[in-house]
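What follows is each chain in one-letter form.
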Amino acid sequence: MDHNVKKTALYNSHIKLGAKMISYSGFYMPLQYVSSLIEHMAVRKNVGIFDVSHMGKFILKGKNSHNFLQYFTTNDLSNIKTGQAQYSCFINHLGGIIDDLVIYKISEEKFLLIVNAANIEKNKKWINDHLNHKNLTFIDSSQEYSLLAIQGPKSLYSIQKLTNISLSKIPFYCFEIGKFAEIDNVLISRTGYTGSKGVEIYIRNEYAENIWNEILKIGESFQIKPCGIASRDSLRLEMGYRLYGQDLSEKITPIEAGLSWITKFNKKFIGREILWNQKKKGIIKVYIFSCRKKGKIPRSGYSFKDEKNFTVGRVTSGVYSPVLKKGIGLGYITKNNFNLDKNSIFVSIRNKNIPIQIVKLPFLKKT
């Protein structure tokens, strides 16, 4: 065991459940418990629970916290009220994505930022390097809190008895803070990374194991399944959700990545002029596709080819979709090939060029 790899507060619980553990983003995480296919379909048809405590959890508070985030993120923070969340991204001076994140507005002067585990230190440095105002306080709470995601069409009903908060009345991308499993001040959010109905629950580490067990126990009648990161990956790809480090990077702008919907030009923000020029030119590099032949699964790093077998891009994420029963993926076309005929692009799988179909998101309707 690598002692440089961190453990979440639920590490022992995963071991007891027989999870196959791997090193992921600096943490030991469950890849799967029984089968990624079974876990995937549990979330699509029923309910599953994920430990996503590896995610970074920052607090930014003070009189100028709103203005700081408004300038250093692309989305318009003035569009959300207290009790709401927003998907956005940090970008650098060239418009490249430092990280994508979810911002929770706790109050007018306090925000919770959820960032990717692999980018915790990078984000901390970026924020601290620009945190030159006396009226701002930045706190890294990543190692103090756990995060559980309960996802699936029956997710809200399965855990409703554990809280007096009416889960079905919390709007999408909104949250409430209250009692859950007899624990006070628990943040319960109608968010998730699967495309299925669900909530995410933020709890202090000392309560994590008890609440995890309570959810599994009360969810037995709903056949709740603990789920690993393998099914999380296939679930998010069925919705076309991007993954930082594969589909997003500092060399890719949100416009190129097809994330113009979280890039608001009615405000001033870092890198605005570069992104505005890309927006006007209609530059989008990302392609969402499915394989036309059954049994062919694209993988990250596979090449896109044109009719003359020239490499014109690469796959960044690819999986077998258990629901669609075919290979799906995301990938980028290189700058000189924007005008390619979309019907003449192939993905190279084991030295064979497999025709693909360019599609619009999502692959599936939300469940």
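Coordinates for the structure precede this section.
So, a few notes on the structure that sits alongside this text. All residue numbers here refer to positions counted from 1 along the written sequence of the relevant chain. Reporting in this predicted model follows two pLDDT cut-offs: at least 70 for local features of residues, and 80 or more for side-chain atom pairs to be given and counted; totals over whole chains, interfaces and linings ignore these cut-offs and use all residues. Computation of side-chain values: all heavy atoms of the structure, hydrogens and water removed.

Focus on the overall build of the protein
Now for step 1: The secondary structure listing takes helices from DSSP runs of H or I that are at least 4 residues long and strands from runs of E that are at least 2 residues long, numbered from the N terminus. Counting its secondary structure elements, the protein contains eight helices and 20 strands.
Now for step 2: A compact globule built from 367 residues should have a C-alpha radius of gyration of about 21 Å, and the protein, at 21 Å, falls within 12% of that.
Now for step 3: Considered along the principal axes of its C-alpha atoms, the protein spans approximately 65 × 50 × 45 Å.
Now for step 4: To sort residues, take the accessible area from a 1.4 Å probe on protein chains only and compare it with the maximum for the residue type: under 20% means buried, over 50% means exposed, and anything in between is partly exposed. Counting all 367 residues of the protein, 55% fall into the buried class.
Now for step 5: Here, two residues are considered to be in contact whenever any of their heavy atoms come within 4.5 Å of each other. Put simply, 65% of the contacts in the protein that link residues at least 6 apart link residues at least 24 apart.
Now for step 6: Reported accessibility uses the Shrake-Rupley method at a 1.4 Å probe radius. Residues are deemed covered only where the shown protein chains occlude them. Counting only carbon and sulfur atoms, one obtains 49% of the accessible surface of the protein, whose full area is about 17,200 Å².
Now for step 7: When charges are counted, Lys and Arg contribute as positive and Asp and Glu as negative, whereas His and the chain ends are disregarded. Charge positions are represented by NZ for Lys, CZ for Arg, CG for Asp and CD for Glu. Measuring between centres, the 54 positive side-chain charges of the protein sit 7 Å from its 29 negative side-chain charges. The reference for a compact globule is 2.2 Å times residues^0.38; the radius of gyration itself is calculated from the C-alpha atoms.

Topic: the environment of F50
Now for step 1: Relative to the helices and strands, F50 resides in strand β4 (residues 48-51).
Now for step 2: Considering only alpha carbons, one finds F50 and P226, 176 residues apart in sequence, at a separation of 6.2 Å.
Now for step 3: If we skip the residues at most four places from it in the chain, F50 touches V43, L147, L148, A149, Q151, T194, W212, C227, G228, S231, R232 and L235.

Some remarks on the layout of surface pockets
A probe matching the size of a water molecule, rolled over the atoms, marks out where space remains unfilled.
Now for step 1: Any residue with an atom within 4 Å of a point lines the site, the site being either a cavity, points on a 1 Å grid over the protein atoms alone where a 1.4 Å probe fits but cannot get out, or a pocket, an open set with protein on both sides within 12 Å along at least 5 of 7 lines. Grid points are joined across faces, edges and corners, and a volume is the space filled by probe spheres set on the points. As a volume, the second largest pocket reaches approximately 380 Å³.
Now for step 2: Elements with a minimum of two residues in the lining of the second largest pocket: β5 (56-61), β8 (110-115) and β12 (183-189).

Quick notes on the environment of W261
Now for step 1: In this structure, W261 sits in the loop between α7 (229-238) and α8 (272-281).
Now for step 2: Placed 100 residues apart in sequence, W261 and K161 show a C-alpha to C-alpha distance of 37 Å.

A closer look at the sheet that holds strand β18 (residues 326-333)
Now for step 1: The sheet built from six strands closes into a barrel, its strands ordered β15-β18-β17-β16-β19-β20 with antiparallel pairing. Strand after strand, the sheet turns through a mean of 45° between neighbouring axes, direction not considered.
Now for step 2: The pairing of strand β15 (residues 286-291) with β18 spans five bridges and is classified as antiparallel. In the strand pairing of β18, Y287 is matched with G331. In short, DSSP must find at least two bridges between two strands for them to pair. Only the stretch in contact is used when a helix axis is fitted, and all axes are lines through C-alpha atoms; the angle between N-to-C directions ranges over 0 to 180 degrees.

Re the nonpolar core
Now for step 1: To qualify as a nonpolar core, a set must consist of buried Ala, Val, Leu, Ile, Met, Phe, Trp, Tyr and Cys residues joined through side-chain atoms within 4.5 Å. Ranked by internal contacts, the top residues of the largest apolar core, which has 63 residues, are F68, L69, F90, Y104, L113, I127 and L248.
Now for step 2: No other element matches the six residues that strand β7 (residues 97-107) contributes to this core.
Now for step 3: Not counting the four nearest positions on each side in its chain, F90 is found in contact with L69, F72, T73, G96, I97, I98, D99, L101, L113, N123, W126 and I127.
Now for step 4: Grouped together as the second largest cluster of nonpolar side chains are 32 residues, A19, Y33, L162 and I215 included.

Overview of the packing of helix α2 (residues 36-45) against α7
Now for step 1: The N-to-C vectors of α2 and α7 enclose an angle of 50°; their axes lie 8 Å apart at closest approach. Classed by the angle they form, the pair α2 and α7 counts as oblique. You can see that α2 and α7 cross each other, and the crossing is right-handed. Counting all contacts with α2, which are made through S36, E39, H40, V43 and R44, the residues of α7 involved are A230, S231, S234, L235 and E238.
Now for step 2: Across the contact of α2 with α7, the residue classes tally to three nonpolar, four polar and three charged. When describing relative orientation, an angle under 35 degrees is termed roughly parallel and one over 145 degrees roughly antiparallel, while 65 to 115 degrees is termed roughly perpendicular and anything else oblique. Each crossing gets its handedness from the near helix: less than a right angle anticlockwise from the far helix is left-handed, clockwise is right-handed. Gly counts as polar in this scheme, as do all residues outside two lists: the nonpolar Ala, Val, Leu, Ile, Met, Phe, Trp, Tyr, Cys and Pro, and the charged Asp, Glu, Lys and Arg.

Remarks on the packing of aromatic side chains
Two measures describe an aromatic ring pair: the distance that separates the ring centres and the angle between the ring planes.
Now for step 1: Side-chain rings of Phe, Tyr and Trp (the six-membered ring for Trp) are treated as a pair once their centres are within 6.5 Å; stacked means planes under 30 degrees apart, edge-to-face means over 60, and tilted covers the remaining angles. Tallied over the full model, the rule gives 13 aromatic pairs.
Now for step 2: When the centroid spacing of 5.0 Å and the interplanar angle of 80° are considered together, the rings of F58 and F138 count as edge-to-face. Highlighted residues: F58 in strand β5 and F138 in strand β9 (residues 137-140), separated in sequence by 80 residues.
Now for step 3: Judged by relative accessible area, which is 0%, F58 ranks as buried.
Now for step 4: Here the aromatic cluster, defined as three or more aromatic residues joined through ring pairs, consists of F68, Y71, F72 and W126.
Now for step 5: The rule for a charge over a ring is simple: NZ of Lys or CZ of Arg within 6 Å of the ring centre, and within 35 degrees of the ring normal. Above the plane of the ring of F27 lies K6, whose end atom (NZ or CZ) is 5.7 Å from the centre.

Points about the pairing of strand β20 (residues 352-358)
Now for step 1: The pairing of β15 with β20 spans three bridges and is antiparallel. Bridging from a neighbouring strand, F289 pairs with I358 of β20.
Now for step 2: Both strand β19 (residues 346-349) and β20 contribute to a ladder of four bridges, which runs antiparallel. When the sheet's bridge partners are listed, I349 is paired in β20 with K352.
Now for step 3: In this structure, the hairpin formed by β19 and β20 is closed by a connection of two residues, where R350 is found at a positive phi of approximately 55°.

A short note on empty space enclosed by the protein
Now for step 1: Scanning all chains against the criterion turns up one cavity of 30 Å³ or more.
Now for step 2: Estimated volume of the largest cavity: approximately 50 Å³.
Now for step 3: F50, V52, A149, Q151, G192, Y193, T194, E200 and R232 are the residues that line the largest cavity.
Now for step 4: When its residues are assigned to classes, the lining of the largest cavity shows four nonpolar, three polar and two charged.

Quick look at the pattern of salt bridges
Now for step 1: The term salt bridge refers to a side-chain nitrogen of Lys or Arg lying within 4 Å of a carboxyl oxygen of Asp or Glu. In the structure shown here, the tally under the stated rule is ten salt bridges.
Now for step 2: Residue E206 is joined to R204 by a salt bridge in which the shortest nitrogen-to-oxygen separation is 3.2 Å.
Now for step 3: We classify E206 as exposed; its relative accessible area is 53%.
Now for step 4: Look at R204 and you get partly exposed, because its relative accessible area is 33%.

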